[in-house]
Amino acid sequence: MGVAVKPTTRNGDKHMKTTDRYVGLDVHKDTTVIAVAEATREGEVRLYGSIPSDLQSLERVLRKLGGEGMRLHVVYEAGPTGFVLYRRLQQLNVECIVVAPSKTPQIKGPRQKTDRRDAVQLARLHRAGELTAIHVPDAVDESIRDLTRARADAVHDLTRAKQRIKSFLLRQGCRYPGKADWSEAHRRYLHRLTWPLPALGAVLEEQLLALEQGLQRVQRFDELIEAQVPRWRYYPAVQAVMCLRGFKLTAATVIVAELGDVRRFAHPRHLMAFLGMVPKESSTGNTRRLGAITKTGNAQARWCLVESIQKALLPPKVSARLAERQAGQPVAYRELAWKIQVRLHKRGWHLVHRGVMKAKINVALARELAGFLWDLLRQVPAPQP
């Protein structure tokens, strides 16, 4: 006796088979190249085409590629376009990952690189499971990170302005008799200088004006950080980092904003590798060759760590300002902060007595400090999303 079979309807069959489709995007400022790989290993990998780099055009294409019973897996490489596309796809419930270009496997044979080849390669590698997604920060977290990076740019511009003034004075044979450069006395001295030619005076006045503007710009960024960070969900982590010597509000904010949630690193060595502070290695057989640090990953956090351990060779001490920052914090944070001071001081002088270069000592201590930060930040309660 035959069995009646119900026809499949749009909403009636909850067990309708779902097919996967992998979409690779090569995203640029004006255009986005799209490639599609079907689910099976032997499935077709084809170039779909090029569209304008706006969200409306991409949404129309994804609706065509999705359809009934089709599940999309989208991938694109991190770049100057940021994470706007990723966040929009998350709102549309479309699975999307962002990968680092440096970690994308590259074919050694062909020496041709085009947008079309890149899109096809992304779709194929995503289907094979060969791509590792990077951590995409929350929009608010990214805004704090942009704020700290903008301050770093302002400090860099200020440093360049100071260097231009010093170079100009050196060419004119002027030497400041005092000791503290860029103090109030030094700046008064610069304004009192007289020149035989009016063009020279105009040059210095313009450079002094750029110096004043740079100082005011950095001060405004400091005020913005003081106003914004206390309302940030990672502010408890910032307060925990401020318990360490060498980390005031700005430096602690830089570290937390760049690292995010360190719980995604299973081991402190993973964090050190993320910061590019592990040595290069080229080993084979019984031969092991180690080189300089890789300098991959997050350069901003690496620079901040190296700058923050400059006082590690000084005797361990809890100054009045450090005690003020530690006030009200858990005992575990303060104990770990003291342990870090003692450990880095001992390690630093051990390397000094071995005759190691100062730059290498700084990197070694910064790498060890990264491991302590991993331990410290894992003790801070996870923030609410």
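Below or above, wherever it landed, is the structure these notes cover. All values derive from a computational prediction rather than experimental measurement.

Okay, the overall build of the protein next. Helix and strand counts for the protein stand at 13 helices and 7 strands. Projected onto its principal axes, the C-alpha coordinates of the protein cover approximately 105 × 55 × 50 Å. For the protein, buried positions account for 39% of its 385 residues. Put simply, of all contacts in the protein between residues at least 6 apart along the chain, 62% involve residues at least 24 apart. Charged side chains of the protein number 63 positive and 37 negative; the gap between the two group centres comes to 7 Å.

Moving on, we get to the pairing of strand β1 (residues 19-27). In terms of burial, β1 is a largely internal element, 7 of the 9 residues being buried. Across 7 bridges, the pairing between β1 and strand β4 (residues 70-77) is parallel. The residue bridging Leu25 from the neighbouring strand is Tyr76, located in β4. With 7 bridges connecting them, β1 and strand β2 (residues 31-38) associate as antiparallel partners. The partner of Asp26 across the bridge, within β2, is Val33. Connecting β1 to the antiparallel partner β2 that follows it, the hairpin turn spans 3 residues.

For the rest of this paragraph, the subject is the side chain of Glu38. By the secondary structure assignment, Glu38 is in strand β2. In this structure Glu38 comes out as buried when scored by relative accessible area, which is 17%. In this view, Glu38 contacts Asp20, Arg21, Tyr22, Gly43, Glu44, Arg46 and Arg127; residues no more than four positions away in its chain are not counted.

Residues Val318, Trp338 and Val342 make up a contiguous nonpolar surface patch of roughly 250 Å² in combined accessible area. Within the secondary structure, Trp338 is located in helix α12 (residues 331-353).

Bringing the nonpolar core into the picture now. As a rule of thumb, nonpolar side chains are buried together in soluble globular proteins. Core analysis: the largest hydrophobic core is formed by 68 residues, its most contacted members being Leu305 and Leu369. With 11 residues, the single largest contributor to this core is helix α13 (residues 358-379). In this view, Leu305 contacts Phe247, Ile255, Leu275, Met277, Ala366, Leu369, Ala370 and Leu373; residues no more than four positions away in its chain are not counted. Residues Val74, Leu85, Tyr86 and Val136 belong to the second largest nonpolar core, which totals 20 residues.

Given a rise of 1.5 Å per residue, 23 residues ought to cover 33 Å, and the 34 Å separating the end C-alpha atoms of α12 matches this to within 8%. Taken residue by residue, α12 has Tyr333, Leu336, Ala337, Ile340, Gln341, Leu344, His345, Gly348 and Leu351 as its buried positions. Packing partners of the buried residues in α12 comprise α7 (235-241), α11 (320-326) and α13.

Taking strand neighbours across the sheet as the criterion, the 5 strands line up as β3-β2-β1-β4-β5 in an open arrangement whose pairing is mixed. Since the sheet does not close on itself, it has two edges, and those belong to β3 (45-52) and β5 (95-99), each with one partner. Strand-to-strand twist of the sheet, defined as the mean angle between neighbouring strand axes without regard to direction, takes the value 25°. Here β2 runs beside β3; their pairing, made up of 7 bridges, is antiparallel. Directly across from Ile34, in β3, lies its bridge partner Gly49. Across the face of the sheet, helix α3 (residues 115-128) comes into contact with β1, β2, β3, β4 and β5 while running at roughly 35° to β2.

About the thresholds
Residues numbered from 1 in each chain as written. Predicted model: local features only at pLDDT ≥ 70, side-chain atom pairs only at ≥ 80, totals over all residues. Heavy atoms only, no water. Helix = DSSP H or I, 4+ residues; strand = E, 2+ residues; numbered from the N terminus. Buried < 20%, exposed > 50% of the residue type's maximum accessible area, 1.4 Å probe, protein only. Contact = heavy atoms within 4.5 Å. Lys, Arg positive; Asp, Glu negative; His and termini not counted. Charge placed at Lys NZ, Arg CZ, Asp CG, Glu CD. Pairing = 2+ DSSP bridges. Patch = residues over 30% accessible without salt bridge, like charges linked within 9 Å, V, L, I, M, F, W, Y side chains within 5 Å. Areas by Shrake-Rupley, 256 points an atom, 1.4 Å probe, with all protein chains shown as cover. Salt bridge = Lys/Arg side-chain N within 4 Å of Asp/Glu carboxyl O. Core = buried A, V, L, I, M, F, W, Y, C linked by side-chain atoms within 4.5 Å. Expected span 1.5 Å × (residues − 1). Axes fitted to C-alpha atoms, helices over the stretch in contact; angles between N-to-C directions.

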